[in-house]
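# Reading the structure
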Amino acid sequence: SNMSALSKDFGSLTEEGHSVKVASHYNTLQECGLDERSRSRIVHMRNFNNWLKSVLIGEVLDQVHQRQREVCVLDLGCGKGGDLLKWRKGRISQLVCADIAGVSVEQCQSRYDDMRKRSHSERIFSAEFITADCTRELLSEKLSDPEMRFDVCSCQFVYHYSFETQQQADTMLRNACERLRPGGFFIGTTPDAYELVKRLEASDSNSFGNEVYRVTFQKKDEYPLFGCQYDFNLEGVVNVPEFLVYFPLFVEMAKKYNMRLVYKKTFHEFFKDKIQNDQNRVLMQRMQALEQYPADGRSRLASDRPEEYEHAQRHSEEGGARMPLGTLSKSEWEATSE
Ligand SMILES: C[S@@+](CC[C@H](N)C(=O)[O-])C[C@H]1O[C@@H](n2cnc3c(N)ncnc32)[C@H](O)[C@@H]1O
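Cut-offs applied
Residues numbered from 1 in each chain as written. Predicted model: local features only at pLDDT ≥ 70, side-chain atom pairs only at ≥ 80, totals over all residues. Heavy atoms only, no water. Salt bridge = Lys/Arg side-chain N within 4 Å of Asp/Glu carboxyl O. Buried < 20%, exposed > 50% of the residue type's maximum accessible area, 1.4 Å probe, protein only. Core = buried A, V, L, I, M, F, W, Y, C linked by side-chain atoms within 4.5 Å. Helix = DSSP H or I, 4+ residues; strand = E, 2+ residues; numbered from the N terminus. Contact = heavy atoms within 4.5 Å. 1 Å grid on protein atoms, 1.4 Å probe; cavity = no way out; pocket = protein on both sides within 12 Å on 5 of 7 lines; lining within 4 Å. Points joined across faces, edges and corners; volume = space filled by probe spheres on them. Nonpolar A, V, L, I, M, F, W, Y, C, P; charged D, E, K, R; others polar. Disulfide = S-S within 2.5 Å. Near = heavy atom within 4 Å. Polar contact = N/O pair within 3.5 Å; in protein donor to acceptor, adjacent residues only side chain to side chain. Areas by Shrake-Rupley, 256 points an atom, 1.4 Å probe, with all protein chains shown as cover. Axes fitted to C-alpha atoms, helices over the stretch in contact; angles between N-to-C directions. Parallel < 35°, antiparallel > 145°, perpendicular 65-115°, else oblique. Left-handed = near helix turned anticlockwise from the far one by under 90°. Phe/Tyr/Trp six-rings, centres within 6.5 Å; stacked < 30°, edge-to-face > 60°. Lys NZ or Arg CZ within 6 Å of the ring centre and 35° of its normal.

Further remarks concern the pattern of salt bridges. Enumeration over the complete set of coordinates arrives at 22 salt bridges. The partner of D273 in a salt bridge is K274, with the nearest N and O atoms 3.7 Å apart. Residue classification places D273 among the partly exposed residues on the basis of a relative accessible area of 35%. Take K274: its relative accessible area is 12%, and that puts it in the buried class. Residue E307 pairs with R305 through a salt bridge whose shortest N-O separation is 2.7 Å. Residue classification places R305 among the partly exposed positions, given a relative accessible area of 38%.

In structure tokens:
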């Protein structure tokens, strides 16, 4: 996947049927979800992705805090509120959470309510919650305060759902950017279209993957700018269709909202860069974003297959590295770098 940040230059509907289908998919996903075994197979990968988000969010909030005290954030496609703690840690003042799936938004809200109750004397950000198909509806019409302005819009693992049509991608972008203050940031993570296409081209069929993930394209050798659909299946959980985001096009489209690209990195590049920092390294340990190799008496590796840890084994034999190593199984690493 990629992470990116766009900054706003100083210097701007609804088809019910489809929205209902997407919303109901996400709503039912809550109920079944992954079973325990699957959860533990990819737990480090999930934690790793979460660490990447934490670092990205932390850095951008620090930057905004340098010029002002109060920070207002839009979490676009917030899901069940997986980033709520990050917003708290980042000492923001105000949060707007939006998602197409009503059940997720409700869960997000009750997590926030719990957090607030347990925070006692600490002042915690205020929040509002909106259920909307952000590729077809305008959030500005649903905000409690129509004059509200954001310093940061965060769109984590969501934007690619909008690339079905140009109009949807534009509406999503409009929702992300039109209420940003000049100097504000649009940050996000999406699958890496180059990597997806590279792996597809290397495969004999219209599908590729490994024991934890599988990507299946509808067509091969044909990559329309919008509506280039594929299914991303993680640990057997069928997902809603995703769409390839051709990044240069996204950057062009964002110019309409006075946005300029300041940052784009693959997960691998971002990891290599940010892990140099001690604070990030400590956070990585605390979040258990890497697996301990070799396992000790108390832990067990996510996969029993030694070939999943060939790279770690080789690294440990080469010497020089402090043992035990922190690593991800090969399949998880492949899944997260897609
Ligand atoms: C992979 S989850 C990511 C959730 C959260 N951002 C996180 O990082 O944990 C994708 C989210 O995008 C939301 N989503 C998909 N299509 C959407 C749309 N058209 N409008 C708003 N949210 C959408 C889904 O409901 C889901 O919660």
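Moving on, we get to the nonpolar core. Ranked by size, the top nonpolar core spans 42 residues in total, and within it Y159, F163, L173, F186 and F250 carry the most contacts. Of all elements in the fold, only α1 (16-32), β2 (72-76), β3 (94-99), β5 (150-156), α6 (166-177), β6 (180-190) and α8 (247-255) reach the threshold of two or more residues within this core. Sequence-distant contacts of F250, that is, excluding residues within four places in its chain, are made with L6, Y159, F163, L173, F186 and V245. Grouped together as the second largest cluster of nonpolar side chains are 38 residues, W51, L56, L95 and V105 included.

Turning our attention to empty space enclosed by the protein. For the largest cavity, the calculated volume is near 100 Å³. Taken together, 14 residues line the largest cavity, and the ones lying closest to its centre are S4, Y159, G188, T190 and F250. If you list the elements that add at least two residues to the lining of the largest cavity, you get β1 (2-8), β6 and α8. When residues in the lining of the largest cavity are grouped by element, the largest group, five residues, is from β6.

Our next topic: the layout of surface pockets. Taken as a whole, the second largest pocket spans an internal volume of roughly 940 Å³. Residue lining of the second largest pocket: 26 residues in total, with F271, L290, L325, G326 and T327 positioned closest to the centre. Counting residues per element, the ones that place at least two in the lining of the second largest pocket are α9 (267-274), α10 (278-286), β12 (291-293), α11 (310-318) and β13 (325-327). The element best represented in the lining of the second largest pocket is α11, accounting for four residues. For the lining of the second largest pocket, a count of residues per class yields twelve nonpolar, nine polar and five charged.

Take the state of the cysteines next. On inspection of all chains with the given rule, the structure shows zero disulfides. Here C155 is not disulfide-linked; the sulfur of C153 is the nearest cysteine sulfur, at 5.8 Å. Given the relative accessible area of 1%, C155 is considered buried.

This paragraph deals with unusual backbone geometry. The residue after Y293, namely P294, is reached through a cis peptide bond having omega -5 degrees. One can find P294 in the loop between β12 and α11. Unlike most non-glycine residues, D221 shows phi in positive territory, near 65 degrees. Secondary-structure assignment places D221 in the loop between β8 (213-217) and β9 (229-234). Under the relative-accessibility criterion, D221 is labelled exposed at 59%. Phi angles above zero are rare outside glycine, and N258 is one such case at about 60 degrees.

This part covers the site of the ligand. The environment of the ligand is formed by 16 residues, the closest being K53, G77, D99, D133 and Q156. Between K53 and the ligand, the recorded distance is 2.7 Å, taken from a side-chain N or O atom to an oxygen atom. Between the ligand and C134, the relevant distance is 3.0 Å, taken from a nitrogen atom to a main-chain nitrogen or oxygen of the residue. The protein chains hide 85% of the 600 Å² of surface that the ligand would expose on its own.

So, on to the packing of α6 against α8. Where α6 meets α8, the axes come as close as 10 Å, and the angle between the chain directions of the two elements is 60 degrees. In terms of orientation, α6 and α8 fall into the oblique class. Viewed along their axes, α6 and α8 form a crossing whose handedness is right-handed. Contact with α6, carried on its side by Q166, A169, D170 and L173, involves F250, M253 and A254 of α8 and no other residues of that element. When grouped by side-chain class, the residues that make up the contact of α6 with α8 number five nonpolar, one polar and one charged.

Evaluated as defined, the whole model comprises 19 aromatic pairs. Consider the rings of F48 and F271, whose centres lie 5.4 Å apart with planes at 65 degrees: the pair is edge-to-face. With F48 in helix α3 (residues 43-65) and F271 in helix α9, this residue pair connects regions lying 223 residues apart in the sequence. Residue F271 is classed as buried on the basis of its relative accessible area, which comes to 17%. An angle of 55 degrees between the planes, with centres 5.7 Å apart, marks the rings of Y112 and F129 as tilted. Highlighted residues: Y112 in helix α5 (residues 102-118) and F129 in strand β4 (residues 126-131), separated in sequence by 17 residues. On the basis of relative accessible area, F129 is assigned to the buried category, the value being 17%. Here the aromatic residues Y159, F163, F186, F226, F247 and F250 are joined through ring pairs into a cluster of three or more. Looking at K264, its charged tip hangs above the ring of F247, at a distance of 4.9 Å from the centre. In this arrangement the basic side chain of K265 is found over the ring face of Y263, its NZ or CZ atom lying 5.4 Å from the centre.

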